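The lines below spell out each chain.
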Amino acid sequence: MDTTHQDPTDLHAAPDADLDADLDADLDADVVVVGGGPAGSTVATLLAQRGRDVVLLEREQFPRYHVGESLISGIVPLIRELGLEAEMDARYPWKYGVTLVWGSEPEPWRTAFNDASPFDHSWHVDRASFDELLLDNARAHGVRVLERAKVTSVRTGPDGRVGGVEFEQDGRRREVRARWTVDASGHARVASRHLTDVDWHDDLRNIAIWRYVDDFRPLEDSGDILVEAVPEVGGWLWGIPVSANRLSVGYVTSAAAVAEATAAGRSAEDLFDAALAASRVARTMVEPGTPVPGQRTVRDFSLTARRFSGPGWVGVGDAVAFVDPLFSSGVWLGSSGSWLAARALDACLTDPDAAPAALGHFERVYRQFVGDMLAYVRYFSDPRRHREDYLEKAQAATRVFAENSQVGFVSLISGITALPDIVGFDPLGDRVGSTFAAAMSV
Ligand SMILES: Cc1cc2nc3c(=O)[nH]c(=O)nc-3n(C[C@H](O)[C@H](O)[C@H](O)COP(=O)(O)OP(=O)(O)OC[C@H]3O[C@@H](n4cnc5c(N)ncnc54)[C@H](O)[C@@H]3O)c2cc1C
């Protein structure tokens, strides 16, 4: 339906053809979930915890590579709800905050999760392992998970209501008939691309280029990620210590700048090297290290679907909303949408007449989180402002006015301010999200 813009690059490789042989009957379920990333696994697990019969179809065989390795602390309550906090603490390095080289003042500055939250850390995760942990957890909660199961089409009835999906496994075509279908297929947007138009945010049509470096030099606050603007060349760099030994280092810049550079004969590698050379801190982390061979590139175009739900279907995660990774919010945002969706769908399954109210409420609250993050990313994207301006804007947006002017900022970028609306979400109540987006325009 969204014919006006080109689709972002699909983040994944083609599916493996090595398949289970013994399953060839069609399936029935309360809910079928398309995609086994964080958003899909989360909604599936939370529904199974409520006694719902859920089938999850994942195109790939896990573990599989994925970008998006730094989590924000607003995800902690969700990880607890999934019963995975101890496992996360044991597996992954702790992330305590963000060291920023951003704004008109040249010195690096720091923001720590514990400035504003009961949770002093989140985690840096290897996504292959993290996504597999979430998917295995869904299975352990009774979700019927089929990997190497590629959804090929959406089943719709004569009234237009979605009633499940068709998929391919082992060279065979099969289908799942379900009362509700959840699209959690990430940028592939397998179902939602047929069900809703999309707004692509033209000011956030970016390209990300990244590598890994071993034996890097850690930041002084070694549990932080680095976010560094490079105004001389445009765009910004990330540095994520995915393990004690390995740094993920990435460069995000506009698609227009990349197109211009490419036309002038410069490669993505040239652009990355120039950005690193222009940095003050990122290059000092990388220089003593050993580059891991290989470089990855993806288009990270921000988008918001016009609809997050409709008759028989719901969308969560990147399939319906993707905000530029400046604040590492993607996994939190998608999983928060899943938390809301699970409660809303549970209400719909209990009482089909409640669907318009429950899904309307789900969509209003979720859309508000997306809008809030988008509004602040847009404001922050200009790296020439004074640091206090960023902090004041965040205070105004969150309405958190504390003596420490960082509290509003860290509340916002860690997802903490949205937590009451997530944890306390009642799909048939009348509470409507926080009001960041409204405050951003003040
Ligand atoms: C450059 C970049 C950096 C980022 N950095 C961060 C970060 O530091 N922190 C953070 O939180 N987020 C980050 N993100 C965002 C994060 O990667 C996403 O928001 C997150 O992965 C979304 O989860 P999801 O479950 O919606 O989708 P995905 O994780 O993409 O999962 C979708 C799943 O659907 C499956 N699928 C696709 N098509 C089909 C089909 N036809 N049938 C069945 N299954 C299918 C896929 O195989 C995949 O496993 C970053 C994104 C980019 C582009």
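Residues numbered from 1 in each chain as written. Predicted model: local features only at pLDDT ≥ 70, side-chain atom pairs only at ≥ 80, totals over all residues. Heavy atoms only, no water.

Caption draft 1: Summary view of the site of the ligand. Around the ligand, 38 residues are found, and the nearest of them are E58, H66, S70, D318 and V331. The backbone of S70 places a nitrogen or oxygen atom 2.7 Å from a nitrogen atom of the ligand. Relative to its free-state accessible area of 1,000 Å², the ligand is covered by the protein chains to the extent of 98%. Residue assignment for the shell around the ligand shows that the elements contributing at least two residues are α1 (38–49), β8 (150–156), β15 (290–305) and α9 (330–350). For the shell around the ligand, the residue count by class is 16 nonpolar, 13 polar and 9 charged. (Near = heavy atom within 4 Å. Polar contact = N/O pair within 3.5 Å; in protein donor to acceptor, adjacent residues only side chain to side chain. Areas by Shrake-Rupley, 256 points an atom, 1.4 Å probe, with all protein chains shown as cover. Helix = DSSP H or I, 4+ residues; strand = E, 2+ residues; numbered from the N terminus. Nonpolar A, V, L, I, M, F, W, Y, C, P; charged D, E, K, R; others polar.)

Caption draft 2: Fine view of the sheet that holds strand β11 (residues 198–214). Spatially, the 8 strands line up as an open sheet ordered β5-β4-β12-β13-β14-β11-β15-β18, and their pairing is mixed. Each edge of the open sheet carries a strand with a single partner, namely β5 (109–112) and β18 (321–322). Two elements, β11 and β15, share 12 bridges in a ladder whose sense is antiparallel. Residue pairing for β15: D199 is matched across the bridge by T304. (Pairing = 2+ DSSP bridges.)

Caption draft 3: Seen up close, the pairing of strand β13 (residues 236–241). Counted residue by residue, β13 has 6 buried out of 6 residues, so it is predominantly covered. The side-chain alternation of β13 yields two buried faces, one formed by W236, W238 and I240 and the other by L237, G239 and P241. Examined bridge by bridge, strand β12 (residues 224–229) and β13 share 4 bridges and lie antiparallel to one another. In the strand pairing of β13, A229 is matched with W236. Where β12 folds back on β13, the antiparallel hairpin that results is connected by 6 residues, among which G234 adopts a positive phi of roughly 90°. By the bridge criterion, 6 bridges tie β13 to strand β14 (residues 246–254) in an arrangement that is antiparallel. The residue of β14 that forms the bridge with W236 is V252. Once β13 ends, the chain turns through 4 residues before running back antiparallel as β14. (Buried < 20%, exposed > 50% of the residue type's maximum accessible area, 1.4 Å probe, protein only.)

Caption draft 4: Expanded view of the side chain of S41. Within the secondary structure layout, S41 lies in helix α1. Overall, S41 belongs to the buried group, its relative accessible area being 1%. The contact partners of S41, leaving out residues within four places of it in the chain, are G35, G36, L56, L134, L135 and A138. (Contact = heavy atoms within 4.5 Å.)

Caption draft 5: Fine view of the packing of α1 against helix α4 (residues 127–140). The geometry of α1 relative to α4 is characterised by a closest axis approach of 8 Å and an angle of 20° between their N-to-C directions. Considered as vectors, α1 and α4 are oriented roughly parallel to each other. For the pair α1 and α4, the crossing hand works out as left-handed. Contact with α1, carried on its side by P38, S41 and T45, involves R127, F130, D131, L134, L135, N137 and A138 of α4 and no other residues of that element. The residue makeup of the contact of α1 with α4, split by class, is 5 nonpolar, 3 polar and 2 charged. (Axes fitted to C-alpha atoms, helices over the stretch in contact; angles between N-to-C directions. Parallel < 35°, antiparallel > 145°, perpendicular 65-115°, else oblique. Left-handed = near helix turned anticlockwise from the far one by under 90°.)

Caption draft 6: Quick look at the nonpolar core. Ranked by size, the top nonpolar core spans 126 residues in total, and within it M88, W102, F362, Y376, F380 and F409 carry the most contacts. A total of 14 residues in this core trace back to one element, the largest contributor, which is helix α10 (residues 355–380). Among residues more than four places away in sequence, those in contact with M88 are L71, I79, W123, V125, F130 and L133. A29, V55, V151 and V165 belong to the second largest nonpolar core, which has 15 residues in total. (Core = buried A, V, L, I, M, F, W, Y, C linked by side-chain atoms within 4.5 Å.)

Caption draft 7: Fine view of the packing of aromatic side chains. Across all of its chains, the model carries 18 aromatic pairs by this definition. Here F362 and Y366 contribute two aromatic rings whose centre-to-centre distance is 5.6 Å and whose plane-to-plane angle is 45°, an arrangement assigned as tilted. With F362 and Y366 both in helix α10 and 4 residues apart, this pair spans about one turn of that helix. Each of the two residues, F362 as well as Y366, counts as buried. Cluster of aromatic residues (ring-pair linked, three or more members): W102, W109, F327, Y376, Y379, F380, Y390 and F409. The lysine or arginine in question, R296, covers the ring of Y65, its NZ or CZ lying 3.6 Å from the ring centre. (Phe/Tyr/Trp six-rings, centres within 6.5 Å; stacked < 30°, edge-to-face > 60°. Lys NZ or Arg CZ within 6 Å of the ring centre and 35° of its normal.)

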